[in-house]
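Structure assessment
Given next are the chains, with one letter for each unit.
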Amino acid sequence: MSAFRKRGSVLVVLYYVGSFHVLFGYNISRGEQHDLSLNRKWTIQNSNGSLSLPAEVPGCVHSALLKQGFIKDLYFRFNDVAYRWIALDNWTYTTTFSIDLPVLCSRAKQRVQLVFEGVDTVASISLNGVVVGKTDNMFRRYVSLLSPVLYASERSQAHSSYSVPPDCPPPVQKGECHVNFIRKAQSSFSWDWGPSFPTLGLWKGVHLEAFDVLRLIHLSTVPVYSMSLCLSLCLSLCLSLCLSLCLSLCLSLCLSLLELVQEPIAGSPGLSFYFRVNKKPIFLKGSNWIPAHALQDLVSPADVRNLLQSSVSANMNALRVWGGGVYEQDMFYSLCDEMGIMIWQDFMFACAMYPTEPDFIETVREEVVQQVRRLKSHPSVIVWSGNNENEAALATNWFGIPVAQQPRYHRDYVTLYVDNIRAIVQKEDGTRPFLVSSPTNGVESQQEGWVAHDPYDLHYGDTHYYSYSHDCWDWTALPRTRFASEYGFQSWPSFSTLQKVSVSEDWSYGSNFSSHRQHHQTGNQQMLQQAGLHYHLPASADPLKRYKDTLYITQVMQSQCVKVQTEFYRRSQSEVIEGKGHTMGALYWQLNDIWQGPSWSSLEFGGKWKMLHYFAKDFFSPVLPVGFEDQGSLVVYAVSDLSHDLHLRTVSVYEWSSLDPVCTVASGLVLVEGGSAEVIHKQTISALLAGCGRGSCTRLTCLLTFHLEDVNSQQGPINHLFLSSPKNAQRMLRPNITAEVQQDEMGGYTVTLQSSAVAAFVWLDVGDVPGRFDTNGFLMVTRTRTVTFNPWGPTSTQQLAQALTVTSLRDVY
Ligand code: BMA
């Protein structure tokens, strides 16, 4: 960089052609280093110069336009389509800076580097008029910016020898085409839960650094996850120590042994698929993480912490960073390390075929090297995975590729994910398992040439399972998989969240707004069809109440559906039935939202808990009673993640019409080993009902609650089972629930509810007041119940009381 003068000017042009050039390396050990941050206000200009404005770096063009008032809230109504022009233009970032040459050069610094931590995406960079670099990959550190949409389109046109599908997202997504030709967040061109905002900008920091090159070495830290690595480290450090001493040394240093176990299971064809940490099998409980905002520079540390804290508060121990988004910021992984959240880390390829020409492979290789080196020191990362659903897309021919052409796509698949990504990961990080895809059959897929005949095979690996039309209460239709890494149902967020991005004419289920926000074909109808199987659909004559009640019923449907499925997976951990079972993971789709719209998430955009998230807190509880009906019998399982043994369960039978249990049935102590799921009670429902109270209970008039107790106290939450669809229930009365808000001595808030009848899916909502209840969406079988509210900011009794609404199932029809 001898071209340095006292003043420099950097010009970054975001455009749509270019190769890349990296002006820095991780493999350099530095002497004393001087840094000049260029994180500050730059100037941005569109291609014809009609717009010129200040822009923060880190940031992006959209956020600069927003902050300077050129555009309004991106998420308001139909603005995703109205602001499409932004990403169809080319933009230039410019800054000038002064450098202290004596500091940088006279002190004999051998290298001066201009480092771009993240350029989104296609750009050329010039310094004082000299082009010093070109970029084409959002996921690499770089040293200027083009329209990502035009670039992707041009790259796809240039790839004329054969098509690389899909060309465009389905029209319902209102997105852009050919995202698989550009290395940026694949969901930024739209997804089935999110808008199209193909950002462009300097999304991470820029700085100038001067340092002395000492020598070329490779330095990195990894958590010691592998005993063999530990031993070789020990051996090389202390050759004179005997092996057993090394071993005990390894064991005594707070070292973890992480394994992904794929081995034969007694009584079952195929192989297991589970994680073992320090020899202890771990059932992974959690969800799938997507980008928290379309504009990554608007994701604050507080937002990330809040979402992760909500995961932990819902008893999750794992999240999958899904392969259509971004490799998250460092802080995300640090927080996961701190909070004990295990991360399944996908590489950013999703639901598509990808090109394999040399420049694409080259930029991916650098991306993978950089990301693995950046992330591997985080113990939270437990597994790398090559892509989202691309093995399945190939195996089950999502894109209708003619048979004769399939070998080519297969070869491309192996080239990209096996020969390149896998090889790099194994070289850079020998301590963690690498899966080529999700879902996959793992080692079986490998044996079948990396693309299994059926990547959804329940006897191997992980599965993704979605079925929207079948009755979600019917657990017999669920896949008894080794590991459920995706499953879920959509719901709408709450009214207060939608209100921020809509106007009154939007507030009906059939409005243009409601269809515009729905990116999943027939999604709005699917939700009501599924809800209608078990609940009366909202029927209020007041249109606004009907709209709000409909939002509520979609959440009721989602919560119950995901509950049934998750409980099925958890209770299937210790058994093999008809060769299937030994399920060791339940990661539902999806944790968080990118905007205010219908999606599979359990957390709304902004962090508010949907009913599903409250349900998750219970169904992921370390100790959980699971009850279901099997061929006319009530079966209750105790599921325990603990390491000690548990006993006893109680079943109570309630009439819909009465707040006093009709009867209570207690069984003897049953041993439930830690880390297992055991049947602790089985009885025909007809016998249970006949032996209860006056024998007047029927499936339509009564329901069951049950919990676990050891000798002294309740273990885990109270659970319940409906014996018929609530829409068929007889004598379900309006509960007329009243609520009183009070502040407690600790400064927290309590809400005391009074009910005149058994009430299902009791839902407390305080609108925009940030915070969460300790429980919500519950079955109320007592006259009084006190719920606490944990505010995430200042509030008052008066504000809460004013905002509070209480809805139960009987209130919506
Ligand atoms: C999965 C995911 C996403 C998608 C979700 C819901 O397969 O990998 O691609 O958002 O289904 O359709």
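First, a word on what this report is: a plain description of the structure on this page. (Residues numbered from 1 in each chain as written. Predicted model: local features only at pLDDT ≥ 70, side-chain atom pairs only at ≥ 80, totals over all residues. Heavy atoms only, no water.)

Looking at the side chain of Ser437
Inspection of the secondary structure assignment puts Ser437 in the loop between strand 19 (434-435) and helix 12 (443-447). Separated by 2.6 Å, the side chains of Ser437 and Asn387 make a polar contact. Of the polar contacts made by the side chain of Ser437, one reaches the backbone nitrogen of Glu391; its length is 3.4 Å. (Helix = DSSP H or I, 4+ residues; strand = E, 2+ residues; numbered from the N terminus. Polar contact = N/O pair within 3.5 Å; in protein donor to acceptor, adjacent residues only side chain to side chain.)

Let's talk about the side chain of Glu328
Positionally, Glu328 belongs in the loop between strand 16 (318-321) and helix 8 (330-339). Buried within the structure, Glu328 lacks any salt-bridge partner; Arg374 is the closest side chain of opposite charge, at an N-O distance of 7.9 Å. With sequence-adjacent residues up to four places away left out, Glu328 is seen in contact with Trp289, Pro291, Gln296, Val321, Tyr333 and Arg374. (Buried < 20%, exposed > 50% of the residue type's maximum accessible area, 1.4 Å probe, protein only. Lys, Arg positive; Asp, Glu negative; His and termini not counted. Salt bridge = Lys/Arg side-chain N within 4 Å of Asp/Glu carboxyl O. Contact = heavy atoms within 4.5 Å.)

Concerning the sheet that holds strand 37 (residues 784-791)
Taken together, the four strands give an open sheet; going across it, the order is 32-33-37-35, and neighbouring strands pair in antiparallel fashion. What marks the edges here is a single partner per strand, and that holds for strand 32 (738-743) and strand 35 (771-773). Going from strand to strand, the sheet's axes swing by 25° on average, the running direction of each strand aside. Pairing of strand 35 with strand 37, which is carried by three bridges, proceeds in the antiparallel orientation. Pairing of Gly771 across the sheet is with Pro791, part of strand 37. (Pairing = 2+ DSSP bridges. Axes fitted to C-alpha atoms, helices over the stretch in contact; angles between N-to-C directions.)

Quick notes on the site of the ligand
Around the ligand, the surrounding shell consists of Trp191, Asp192, Trp193, Trp322, Cys351, Asn388, Glu389, Tyr466, Glu486, Trp589 and Trp600. Here Glu486 contributes a side-chain N or O atom positioned 2.8 Å from an oxygen atom of the ligand. Starting from 310 Å² of accessible surface for the ligand in isolation, the protein chains cover 91%. Considered class by class, the residues forming the shell around the ligand number seven nonpolar, one polar and three charged. (Near = heavy atom within 4 Å. Areas by Shrake-Rupley, 256 points an atom, 1.4 Å probe, with all protein chains shown as cover. Nonpolar A, V, L, I, M, F, W, Y, C, P; charged D, E, K, R; others polar.)

With respect to the pairing of strand 27 (residues 649-655)
Most of strand 27 is tucked away: seven of the seven residues are buried. Burial along strand 27 is two-sided: the face carrying Arg649, Val651, Val653 and Glu655 and the face carrying Thr650, Ser652 and Tyr654 are both buried. As defined by bridge partners, strand 27 adjoins strand 30 (residues 702-709) across seven bridges and the pair is classed as antiparallel. Note that in strand 30 the partner of Tyr654 across the bridge is Leu703. Of the strand pairs in this sheet, strand 27 and strand 28 (residues 663-666) are connected by four bridges, and their pairing is antiparallel. Bridge pairing in strand 28 places Ser652 opposite Thr664.

Concerning unusual backbone geometry
Thr121 follows Asp120 through a cis peptide bond whose omega is -5°. Mapped onto the fold, Thr121 is located in the loop between strand 6 (111-116) and strand 7 (122-127). Following Trp589, the chain continues to Gln590 via a peptide bond in cis, the omega torsion being 10°. Looking at the element boundaries, Gln590 is found in the loop between strand 24 (585-588) and helix 17 (611-619).

Details of the nonpolar core
The biggest cluster of nonpolar side chains holds 187 residues, and the ones touching the most others in it are Leu308, Phe347, Ile421 and Phe761. Ranked by residue count, the leading element in this core is helix 16 (residues 543-571), at 11 residues. Excluding residues within four positions of it along the chain, Leu308 makes contact with Trp289, Leu319, Phe332, Leu335, Cys336, Met339 and Ile341. Of all hydrophobic cores here, the second largest spans 22 residues; its members include Leu646, Val651, Leu689 and Leu723. (Core = buried A, V, L, I, M, F, W, Y, C linked by side-chain atoms within 4.5 Å.)

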